[in-house]
Each structure stands twice: as C-alpha cells, then as structure tokens.
Amino acid sequence: TQLLEQSPQFLSIQEGENLTVYCNSSSVFSSLQWYRQEPGEGPVLLVTVVTGGEVKKLKRLTFQFGDARKDSSLHITAAQPGDTGLYLCAGERSEKLVFGKGTKLTVNP
Amino acid sequence: DAGITQSPRHKVTETGTPVTLRCHQTENHRYMYWYRQDPGHGLRLIHYSYGVKDTDKGEVSDGYSVSRSKTEDFLLTLESATSSQTSVYFCAVNRGPNTEAFFGQGTRLTVV
C-alpha cells in the first residue's frame, strides 16, 4: 500500500495550459514536500508546506496543503516546456522520508 | 549543493556477485537514505541511517544491507545481486524530519 498516492501518473499538455497534480494520503503529515526531478538527475526540493490550509506560490506554481494535513496539490499556471519533469510529493513517517510514485509531466511547445 | 557523491555512477554486474554502492557527503547531515527508482514505482526507501552506526529498514530492504561507520559515508551492499535489483539507486541526506532532502546523482546498476 502506497502511503502517498499521486495523480495523475502521467500528464501531457500543450504550452500555456493549466494543470493540477494531487498528492493524497489517509495519514496525517506534519509537513509535505514537493520535489521536481529531471532525467538523469536526483530530485530537487521545490517547496515544503507545514500548516494545514497553507498556500505557497513559486512563480507560476501554487502549492496547497489540505486543512487536515493529509493531502496536497500543485497547480501550474500557463505551463511551459521547461516545466517538463517528474513531480514527486514526499512526507516524513517515523523518521522515514517516503515518496509518492510521482507525476510525469510533459509540456509540448 | 549538499556535497553528495555517489560511486560508482554506473555498474554492470553478474547475478550472484556482491556489490557495494557508496554515498559520501561533506556537509555533516545527520540522516542518510538509500532509495531505488523503478518505472511505475517511484522512489522506494531501502534503508536509512539516523546517525553513525544507527540504521533501520525501509519498505524494500530484503536483499540489501547498509553500514555507516562515519558520518560522511553510507554504504549499500547487495550481498548476492539478482536481476530484480537492476535499478537506479539514489542516496539522499537531510538534517532531520521535515527538512530539505538533498540527492546524489544516482547510480545505475544493471544485474545480468
């Protein structure tokens, strides 16, 4: 059983479109993190959300932490080809940093 | 940059042989992790360490062992490699729960 469920698993869109990626769990997390991974590289942290209901913005990326701290979403506005990559959510569980399976995003020019 | 170096970066080995992967860090992070990444499975935790000589199992630890004799080094050993252990292995470090994790560049291991 996956502790963190991400959806969709794959997403292919055209440049300029908006999209939302979801990260859901039945467990409460003290925080959730979002990472982005490019081919041949390790994941790199985008943001950490800590407070239930928190919204953080990083340029065209908006991250939200659910009120119950069990889920999070990543919204990208006006996607660009440079946004292409694997987006991973992660949470701490008993000192273990666990990840969702990721959403592979392709933004076509 | 957390100064993480994984070695080797690529390795091809035969079934049944022992293999050791090394993760070296220069920033004195307390926690170190080994993950494997496979298509359709994302990043799965193999083992992690919360201090020198303090290690614990992750979700896919069977067939793997680890050691951490120094803060800066975390070794992952496949005692007898199998084809199912063909994967990309990532080392990660952080300072503690809910802090940013920094990843190495990965080791691509092929077991033939």
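(A) A look at the sheet that holds strand E7 (residues 61–65) of chain A. All names here are of chain A. Spatial strand order, E1-E3-E8-E7-E6: five strands in an open sheet with antiparallel pairing. Looking along the sheet, the strands with just one partner apiece sit at the ends: strand E1 (5–7) and strand E6 (55–58). For this sheet the average axis-to-axis angle between neighbouring strands, irrespective of direction, equals 15 degrees.

(B) How the structure looks around the side chain of aspartate 83 of chain A. Of note, aspartate 83 of chain A is situated in the loop between strand E8 (71–76) and strand E9 (85–93). When near neighbours in sequence (up to four residues on either side) are disregarded, aspartate 83 of chain A contacts Arg36, Arg60, Ile76, Leu105 and Val107 of chain A.

(C) Quick look at the interface of chain B and chain A. Contact with chain B, which involves 23 residues of that partner, is made by 22 residues of chain A. Buried surface at the junction of chain B and chain A, both sides included, amounts to about 1800 Å², of which 47% is carbon and sulfur. A per-residue breakdown of the area chain B buries against chain A is headed by Leu43, Asn98 and Phe103 of chain B, which together make up 27% of the total. Connecting chain B to chain A are zero salt bridges. At the surface where chain B touches chain A, the tally comes to 10 residue pairs in polar contact (both at pLDDT 80 or more). Contributing elements (two or more residues each) for the side of chain B that touches chain A: strand E4 (31–38), strand E5 (42–51) and strand E9 (87–94) of chain B. Ranked by the residues each element gives to the side of chain B that touches chain A, the list is headed by E5 of chain B, at five residues. Looking at the side of chain B that touches chain A residue by residue, the classes come out as 11 nonpolar, nine polar and three charged.

Calculation rules
- Residues numbered from 1 in each chain as written.
- Chains lettered and ligands numbered in written order.
- Predicted model: local features only at pLDDT ≥ 70, side-chain atom pairs only at ≥ 80, totals over all residues.
- Heavy atoms only, no water.
- Pairing = 2+ DSSP bridges.
- Helix = DSSP H or I, 4+ residues; strand = E, 2+ residues; numbered from the N terminus.
- Axes fitted to C-alpha atoms, helices over the stretch in contact; angles between N-to-C directions.
- Contact = heavy atoms within 4.5 Å.
- Buried area = accessible area lost by both parts, 1.4 Å probe.
- Salt bridge = Lys/Arg side-chain N within 4 Å of Asp/Glu carboxyl O.
- Polar contact = N/O pair within 3.5 Å; in protein donor to acceptor, adjacent residues only side chain to side chain.
- Nonpolar A, V, L, I, M, F, W, Y, C, P; charged D, E, K, R; others polar.

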